[in-house]
Amino acid sequence: MKFSMKAWLCGAALMSPLVWADTVAGVYLNADLMDASVDGGFGQPGQQQDFSFANKTLGSFALKIEHPVPLMPNIRLQYNNLKSGGSTVLNRTFVFDGQQFDVASTVMQDADLSNLDATFYYELLDNELFAFDLGVTAKYIDGELSVVSLQNGQSARQDISAIVPMLYGYGSFGLLGTGVTLFAEANYASYDGSSLSDIKYGLSYELVDVPAFDLQFQAGFKRSKLQLDDVDDLDADLTFDGAFAGVQLHF
């Protein structure tokens with residue numbers, strides 16, 4: 001895969017000594033569930049077919065480690081479950097993994113583009129009212145796409161594996177005296193006709209705040225869009241989006 005140099009150059013700028021390190025250490029654990037609608041399709045380059053996907057409840061889990069060591073970035077790891085399936089009546093002849101599926105035939109399709117994000121970031125601003133983080137993410141996609149004919153049992157499957165560098169940003173605004181914080185978080189990359197983005201925004205409400213830890217409830221909207229152009233001999237344009245709810249535990 002050939003990547004745009006813009007992402008790497010921006011990442012290098014973030015690693016410069018001009019960026020401030022954290023002043024407070026902490027460990028954050030996040031878990032949420034999204035009521036996701038799934039739209040789009042996939043196929044061999046130039047042979048992409050749109051499919052009808054079922055709505056799914058998808059989970060996401062994250063670990064974030066912040067520290068006071070100057071110049072060293074903070075670390076954030078997140079697993080994103082992006083899976084769905086369904087049945088589709090083909091509107092044209094579809095060739096996938098060397099197998100031909102006839103027009104008007106009914107197929108069962110499955111898409112798994114689950115991925116793991118490793119993010120390295122700096123806190124540029126962090127106080128009771130405002131927070132702003134900036135960094136870079138390495139997204140590791142390890143999944144598969146498959147199609148099975150309901151007429152004759154014919155099946156085809158292709159694996160996909162890729163590491164994508166992305167820009168990362170996070171911002172929040174706290175409403176003093178309410179325990180409510182508004183936040184937004186995003187990853188983005190664009191290269192060689194492909195583009196990937198993760199967007200998450202909503203509000204967080206403080207449920208527990210004691211010296212040992214604090215616990216927050218979070219809710220809002222999430223969207224992951226993966227538009228792949230000839231990656232591992234595959235084209236795909238899939239969007240997973242919907243409302244989410246979850247918790248964040250901070251030690």
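Thresholds applied
Sequence order sets the numbering: in each chain, residues are counted from 1 along the sequence as written. pLDDT decides what is reported in this predicted model: residues at 70 or higher carry local features, side-chain atom pairs at 80 or more are listed and counted, and totals for whole chains, interfaces and linings draw on all residues regardless. Working from all heavy atoms in the structure, the side-chain values ignore hydrogens and water. Helix and strand assignments follow DSSP, with helices taken as H or I runs no shorter than four residues and strands as E runs no shorter than two, numbered in order from the N terminus. Think of it in three bands: residues with accessible area under 20% of the maximum for their type are buried, residues over 50% are exposed, and the middle band is partly exposed, with areas taken using a 1.4 Å probe on protein chains only. We call two residues contacting when some pair of their heavy atoms lies within 4.5 Å. Note on charges: Lys and Arg go in the positive column, Asp and Glu in the negative column, and His and the chain ends are not counted at all. Charge positions come from single atoms, namely NZ of Lys, CZ of Arg, CG of Asp or CD of Glu. Whether a set of points on the 1 Å grid over the protein atoms alone is a cavity depends on a 1.4 Å probe fitting there but being unable to get out, while an open set qualifies as a pocket with protein on both sides within 12 Å along at least five of seven lines; lining residues are those with an atom within 4 Å of a point. Grid points are joined across faces, edges and corners, and a volume is the space filled by probe spheres set on the points. Gly is placed with the polar residues, together with every amino acid not listed as nonpolar (Ala, Val, Leu, Ile, Met, Phe, Trp, Tyr, Cys and Pro) or charged (Asp, Glu, Lys and Arg). One speaks of a salt bridge when a side-chain nitrogen belonging to Lys or Arg is within 4 Å of a carboxyl oxygen belonging to Asp or Glu. The predictor reports its confidence for every residue as pLDDT, a score running from 0 up to 100. Only strands joined by at least two bridges in the DSSP assignment are considered to pair. Nonpolar cores are built from buried Ala, Val, Leu, Ile, Met, Phe, Trp, Tyr and Cys residues. Side-chain atoms within 4.5 Å join them into one set. Exposure above 30% relative accessible area and the absence of a salt bridge qualify a residue for a patch, where like charges join within 9 Å and nonpolar side chains (Val, Leu, Ile, Met, Phe, Trp, Tyr) within 5 Å. Only the protein chains shown count as cover for residues, and the accessible areas themselves come from Shrake-Rupley with a 1.4 Å probe.

**Some thoughts on the overall build of the protein**
Looking only at helices and strands, the protein has one helix and 15 strands in total. Principal-axis analysis of the C-alpha atoms gives the protein an extent of 65 × 40 × 25 Å. Expressed as a percentage of the 251 residues in the protein, the buried residues total 45%. Put simply, of all contacts in the protein between residues at least 6 apart along the chain, 64% involve residues at least 24 apart. Between the centroid of the 13 positive side chains of the protein and the centroid of its 31 negative side chains there is a distance of 3 Å.

**Description of empty space enclosed by the protein**
For the structure on display, the rule yields one cavity of 30 Å³ or more. Counted as a void, the largest cavity has a volume near 190 Å³. Around the largest cavity, the lining is made up of 19 residues, and of these Gln78, Asn80, Asp198, Lys222 and Ser224 lie nearest the centre. Going through the elements one at a time, β3 (56–66), β4 (74–80), β12 (180–191), β13 (194–209) and β14 (214–228) are the ones with two or more residues in the lining of the largest cavity. Residues belonging to the lining of the largest cavity are distributed by class as follows: five nonpolar, seven polar and seven charged.

**Details of the pattern of salt bridges**
By the definition in use, this model includes eight salt bridges. Asp159 is the partner of Arg157 in a salt bridge, and the nearest nitrogen-oxygen pair spans 3.7 Å. For Arg157, a relative accessible area of 45% gives the class partly exposed. Taken together, the shared-partner salt bridges in this structure form one network comprising Asp32, Lys200 and Lys222.

**With respect to the layout of surface pockets**
Approximately 1,100 Å³ is the volume attributed to the largest pocket. If you trace the largest pocket, you find 47 residues lining it, with Tyr28, Asp126, Thr181, Gln216 and Gln248 closest to the centre. Ranked by residues supplied to the lining of the largest pocket, first place goes to strand β11 (residues 155–175) with six residues. A breakdown of the residues in the lining of the largest pocket according to their chemical character gives 21 nonpolar, 14 polar and 12 charged.

**Here's the deal with the confidence of the model for the protein**
With 90% of its residues at a pLDDT of 70 or more, the protein has an overall mean of 90. Below a pLDDT of 50 lies the segment residues 1–23, which in the model reaches 45 contacts outside its immediate sequence neighbourhood of four places, other chains included.

**Here's the deal with the pairing of strand β1 (residues 26–43)**
Both β1 and β3 contribute to a ladder of 11 bridges, which runs antiparallel. Paired with Ala36 across the bridge in β3 is Lys56. Here β1 runs beside strand β15 (residues 235–250); their pairing, made up of 16 bridges, is antiparallel. Residue pairing across strands places Leu29 opposite Leu249, the latter belonging to β15. Across four bridges, β1 lies against strand β2 (residues 49–52) in antiparallel orientation. Looking at the pairing, Gly40 lines up with Phe51 of β2.

**Here's the deal with the nonpolar core**
Within soluble globular proteins, side chains that are nonpolar tend to cluster in buried spots. Membership of the largest hydrophobic core comes to 39 residues, with the highest contact counts inside it found for Phe42, Phe51, Phe96, Phe101, Val147, Leu196 and Phe240. Going through the elements one at a time, β1, β6 (94–96), β8 (106–112), β10 (130–149), β11, β12, β14 and β15 are the ones with two or more residues in this core. Ranked by residues supplied to this core, first place goes to β11 with seven residues.

**Here's the deal with a negative patch on the surface**
Negative charge collects at one region of the surface, where Asp192, Asp229, Asp230, Asp232 and Asp233 lie side by side. With respect to the element layout, Asp229 can be found in the loop between β14 and β15. Judged by relative accessible area, Asp229 falls into the partly exposed class, the value being 37%.

**Let's talk about the pairing of β10**
As defined by bridge partners, β8 adjoins β10 across six bridges and the pair is classed as antiparallel. Residue pairing across strands places Asp112 opposite Glu144, the latter belonging to β10. Strand direction decides the pairing type here: strand β9 (residues 115–126) and β10, joined by 11 bridges, are antiparallel. The residue bridging Tyr121 from the neighbouring strand is Gly135, located in β10. Adjacent in sequence and paired antiparallel, β9 and β10 are bridged by three residues. Pairing of β10 with β11 involves 19 bridges; the strand directions are antiparallel. Across the sheet, the residue bridging to Gly135 is Tyr168, located in β11. Between β10 and β11, which pair antiparallel in sequence order, lie five residues; one of them, Gly153, sits at a positive phi of approximately 75 degrees.

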